[in-house]
There are 2 protein chains.
Amino acid sequence: MPTVYDVARLAGVSTATVSRVMRGSDLVRPVTRDRVLAVIEEVGFVPDASAQGLSRRRKEIIGLVGLERGVNETDIERDGLLFVDVVVHAVEAVLRGTDTSLLLSFGPSGEPFASRIRALSGKVDGLLVVEDALAPAQLRALARRLPVVSIAASPGDTGLDVLRVDNPGGMRAMAGHLTSDHGYRRLGFVGGPSDAPDAVERVAAFSAAVHRVPGATVDVVPGGDFSEASGRTAARVLLGREAIPEAVACANDQMAIGVMRELQRSGIAVPADVAVTGFDNVFPGRVVEPPLTTVGQPVRELGVRAAARLLERIEGNTEPPRAETLPTELVVRRSCGCPPADENP
Amino acid sequence: MPTVYDVARLAGVSTATVSRVMRGSDLVRPVTRDRVLAVIEEVGFVPDASAQGLSRRRKEIIGLVGLERGVNETDIERDGLLFVDVVVHAVEAVLRGTDTSLLLSFGPSGEPFASRIRALSGKVDGLLVVEDALAPAQLRALARRLPVVSIAASPGDTGLDVLRVDNPGGMRAMAGHLTSDHGYRRLGFVGGPSDAPDAVERVAAFSAAVHRVPGATVDVVPGGDFSEASGRTAARVLLGREAIPEAVACANDQMAIGVMRELQRSGIAVPADVAVTGFDNVFPGRVVEPPLTTVGQPVRELGVRAAARLLERIEGNTEPPRAETLPTELVVRRSCGCPPADENP
DNA sequence: GAAGGGGATGTAAGCGGTGTCAATGCCGGA
DNA sequence: TCCGGCATTGACACCGCTTACATCCCCTTC
């Protein structure tokens, strides 16, 4: 593995010159530069990032940490694109324009993961924290050591840069659509994991919105884990009630699909007998029958902005931290009882 | 940002002792260890990974590079879980048991990406290359500098460690099912991107298998890009033929779903009029109507084994490189014309 | 009581780059 | 001819951590 010293010796120059050539400095005579470049090419020299990182105090790496949800690891494989994967791709796309790389780590929340993250923090220039991968206190401790931007964290103010989507707004829009446009009064709601900030916000906002409608009630089934299977389970719970809701809103699309399929399996027509809605607007929701009415979130945009913000902070931007909330959007398809749209979205 | 020197000074010991405590060496007196640990805790010391990496010659980071497919970046968001995402999660899960982290980079194949990877190679101890992210020559050049394991690369032998799935076997099984079990003779095939090794293998194997059946023909529609939209396009092409195939196999599930939906939109019943099959066994295929008959691949296992292999190589295992092929499995549901199964998979 | 031994700790030399400052060489102008 | 100034290049300290080796101290052992 060749080093600057090897290159310097072979090119008959000093290491300083090799370094200058590598970094594209303009105070090297063209002929010298070419000679050095030739040697670099010849021996296949690639600078060691550790040495570089030590010397400049910059590693050109940012980290992204998120929760790995679900006991059954094959869920990931089966249940489709995770929120965090979209964020990862978005961040990576932003980084593509720089020479920073993305280091990532997922894990179940808890102390082992927290200490893994602490170790990881020594490898990066800044950190993106997705959802509540870290407790607020740990988050703040981290933020004292390096720039941290959090994505879709719980509402509570941490005094850090945060990017979120407007979950309550989306849920209010959905509740409004179901109660006003369709006139449903007996609503159901299938909740998500209580450690998912998004899930918590969603139940809360939906319930609150429904309760503001005179005569409307909502039957909340908690304990879902965002998987299709847990949607099916919730549907069975609902089927056991004396009165089945007219419409069931779910904390995410996967569960909504599970609910829909379980209802259909029991001979209940969706949306004729019971309407079902989701949240997230993921791909499978478009191809199920009936197509799922849901709430779309700008997940990719979330990742893009978070990455940009983190990069700024690393560059030394010291403005006070900002919380930014991106809008969500009601996506009306047919599972809520609306007529088929003409076009094929 | 505290360093070992700070900790050493505050604890009244030498940096060597601090280092020993950090690395859990047992030749430190318990009382000394505690004193050092207290200081570490107090000042929130986290060792700088660059310095560590430079000193031990190990960065505790491995890289994963893969292709970012599709011009339209929102495809990712819309079309569901990518192959590479599953691999990423699998690799990450393996790494969770170690103190190595995962660095990743996606990009469109080409020189800019190749040089990005070269730079990246200075930041890692080893590299996983997914599909043909790198040309064989570049791959070999990289492999001279550090351990490289390639995942799902094109068949040609590169003399490196490779993990693949048995695409041909899966496709032969599918062709057999369609021609023998169902007796179809006029087949269609919707191909994937020509730069995707998997896609190439799949067409080839399917065509070959069909051609071995007397009287059977296959109408190949090339140029798909693995997206649902391109499946729809392909379906329209097929609808334009004078004779529509009795069964259409597709190079992946997303396209199969597109084909199915476009056929249905034109009033053609699936599978009654035309059978449709996919490849990959992703989540959406289970929830469409009719459920998609497809071929399942052990993608997660692929990632797990590749990661394990790379870690071994980094540890210094110098056995000759091995190519390993994991079996695929025919997943029969209803889109091929088979009767509904009782249980709910 | 001196020598020997072993555990605990300190010293200091790298690891491979970067960047500062000094040195060198060459130029034109006085 | 001599000198200042600019363009290049070199020498070397330093970044923070690890580790081989040296040192020191306290016991045992004969």
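Note: the structure precedes this text.
Rules used in this analysis
Residues numbered from 1 in each chain as written. Chains lettered and ligands numbered in written order. Predicted model: local features only at pLDDT ≥ 70, side-chain atom pairs only at ≥ 80, totals over all residues. Heavy atoms only, no water. Helix = DSSP H or I, 4+ residues; strand = E, 2+ residues; numbered from the N terminus. Rg over C-alpha atoms; globule rule 2.2 N^0.38 Å. Buried < 20%, exposed > 50% of the residue type's maximum accessible area, 1.4 Å probe, protein only. Contact = heavy atoms within 4.5 Å. Areas by Shrake-Rupley, 256 points an atom, 1.4 Å probe, with all protein chains shown as cover. Phe/Tyr/Trp six-rings, centres within 6.5 Å; stacked < 30°, edge-to-face > 60°. Lys NZ or Arg CZ within 6 Å of the ring centre and 35° of its normal. Near = heavy atom within 4 Å. Polar contact = N/O pair within 3.5 Å; in protein donor to acceptor, adjacent residues only side chain to side chain. Nonpolar A, V, L, I, M, F, W, Y, C, P; charged D, E, K, R; others polar. Pairing = 2+ DSSP bridges. Axes fitted to C-alpha atoms, helices over the stretch in contact; angles between N-to-C directions. Least-squares fit on C-alpha atoms with pLDDT ≥ 70 in both. Arc of directions from axis to C-beta.

Engineer: Could you give an account of the overall build of chain A, naming the residues involved and the relevant values?
Structural biologist: Looking only at helices and strands, chain A has 14 helices and 12 strands in total. Against the compact-globule benchmark of 20 Å for 345 residues, chain A has a radius of gyration of 26 Å, which places it well outside the compact range. Expressed as a percentage of its 345 residues, the buried residues of chain A come to 55%. Within chain A, residue pairs in contact and separated by at least 24 positions form 69% of the contacts whose partners lie at least 6 positions apart. About 14,000 Å² of surface is accessible on chain A, with carbon and sulfur atoms providing 53% of the total.

Engineer: Talk me through the packing of aromatic side chains; I want residue IDs and the actual numbers.
Structural biologist: Residues and elements named next belong to chain A. Enumeration over the complete set of coordinates arrives at two aromatic pairs over all chains. Taking the centre distance of 5.1 Å and the plane angle of 35° together, the rings of F189 and F206 count as tilted. Taken as a pair, F189 in strand β6 (residues 186-190) and F206 in helix α10 (residues 197-211) lie far apart in primary sequence, 17 residues in all. Grouping residues by exposure puts F189 and F206 together as buried. The ring of F279 has R202 sitting right over it, with the charged end atom 3.9 Å from the ring centre.

Engineer: Which residues make up the protein's contact with DNA strand D, and what values go with them?
Structural biologist: The immediate surroundings of DNA strand D are formed by 28 residues, with S14 and T32 of chain A together with V4, S19 and S55 of chain B found nearest. Taking the atoms of DNA strand D that fall within 4 Å of the protein, sugar and phosphate contribute 63% of them. The side chain of Y5 of chain B places a nitrogen or oxygen atom 2.8 Å from a base nitrogen of DNA strand D. Counting residues per element, the ones that place at least two in the surface near DNA strand D are α2 (15-22) and α4 (49-55) of chain A together with α1 (4-11), α2 (15-22) and α4 (49-55) of chain B. Broken down by element, the surface near DNA strand D gets its largest block of residues, four residues, from α2 of chain A. Looking at the surface near DNA strand D residue by residue, the classes come out as 11 nonpolar, 11 polar and six charged.

Engineer: So what about the sheet that holds strand β5 (residues 161-165) of chain B? Which residues, and what values?
Structural biologist: Across the sheet, 12 strands lie side by side as β11(A)-β5(A)-β4(A)-β3(A)-β1(A)-β2(A)-β2(B)-β1(B)-β3(B)-β4(B)-β5(B)-β11(B); this open sheet has mixed pairing. Of all strands in the sheet, those with a lone pairing partner are β11 (323-326) of chain A together with β11 (323-326) of chain B, marking the two edges. Across this sheet, the average inter-strand angle for adjacent strands is 20°, counted without regard to direction. Packed onto the sheet, helix α8 (residues 136-145) of chain B meets β3 (126-130) and β4 (148-151) of chain B and runs at close to 145° relative to β4 of chain B.

Engineer: Just give me the short version of the sheet that holds strand β8 (residues 247-250) of chain B, but keep the residues and values in it.
Structural biologist: All names here are of chain B. On the basis of which strands lie adjacent, the open sheet formed by four strands has the order β7-β6-β8-β9 and parallel pairing. Of all strands in the sheet, those bounded by a partner on one side alone are β7 (217-221) and β9 (275-277). Across the sheet, the mean angle from the axis of one strand to that of its neighbour is 20°, orientation sign disregarded. By the bridge criterion, four bridges tie strand β6 (residues 186-190) to β8 in an arrangement that is parallel. Looking at β8, one finds that V190 is bridged to C250.

Engineer: I'd like a rundown of the relation of the copies chain A and chain B, residues and numbers included.
Structural biologist: Laying chain A over chain B is done by rotating through 180° and shifting 0.1 Å along the axis; what remains is an RMSD of 0.1 Å. The operation mapping one copy onto its partner corresponds to a two-fold rotation axis.

Engineer: Mind laying out helix α7 (residues 111-120) of chain B, listing which residues take part and the relevant values?
Structural biologist: For α7 of chain B, every residue scored as buried is listed here: F113, A114, R116, I117 and L120 of chain B. Across the axial projection of α7 of chain B, the buried residues extend over an arc of 160°, all falling on one side. Taken together, the buried residues of α7 of chain B touch α6 (83-95) and β2 (101-107) of chain A together with β1 (61-67), β2 (101-107), β3 and α8 of chain B.

Coordinates in, geometry out; function isn't part of it.
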